[in-house]
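Results of the structural survey
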Amino acid sequence: MVNALAAYAFARLEFPGRGVLFAGVVALIILPVEVLAIPMFLTARDVGLTGRYGAALGGLIVPFLAQAFNIYFLRQHFLLVPTELEEAAVVDGAGVWRRFWNVALPAVRPALATVVVIDLLTHWSDFLWPLMIATREETRTVQLSLANLFTQPPVRWGEIMACAVLTTLPVVALFRLLQRYIVPSETRAGIK
């Protein structure tokens, strides 16, 4: 939701510094998480997103609510939505929020599904950030628990392979659910 709101603002709203801010967002795409890991961890620690169970879960989620690539990707799709659709909504008395929620967001449904799948794949297989934040047993992610199986001798390869297969099932299930939304790439909804 945060990504979609920011992308819509960059695509459709006029405000001072929009171009400079968007250039900053695009510049953030080239920075890998590994470069930002220490500053992000220090910020998460200072805000209290490490340690306790609920706080560590927040530390796994909050830093990735807004991502530069998602904002860029969704902005490009919002730009493809014909302005005539939004102009018709303005004639009907729709404000900015209603144009976003009822016109633009449904038109970019395939892009939203793509962002969800990319985010799930990225964060489901993430190792470094959960290793830094999830310090307790109950906050470990699946990938950390799977890696922990290698550290307990003797290494039981059958169990490790079975767990590795099980870790792929949620990703495959979500992709299967969203597959029909990902396939259409044209966002020409509403224009006949």
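Residues numbered from 1 in each chain as written. Predicted model: local features only at pLDDT ≥ 70, side-chain atom pairs only at ≥ 80, totals over all residues. Heavy atoms only, no water.

This part covers the environment of Ile118. Assignment of secondary structure puts Ile118 in helix H8 (residues 109-124). A sequence separation of 29 residues divides Ile118 from Ala89, and the C-alpha atoms of the two residues are 31 Å apart. (Helix = DSSP H or I, 4+ residues; strand = E, 2+ residues; numbered from the N terminus.)

A word on the pattern of salt bridges. In this structure the tally under the stated criterion is five salt bridges. Between Glu159 and Arg156 there is a salt bridge, with the nearest N and O atoms lying 4.0 Å from each other. On the accessibility criterion, Glu159 (44% relative accessible area) is partly exposed. Residue class for Arg156 comes out partly exposed when judged on its relative accessible area of 49%. Here the salt bridges share partners, and the residues they tie into one network are Arg12, Glu86 and Arg99. (Salt bridge = Lys/Arg side-chain N within 4 Å of Asp/Glu carboxyl O. Buried < 20%, exposed > 50% of the residue type's maximum accessible area, 1.4 Å probe, protein only.)

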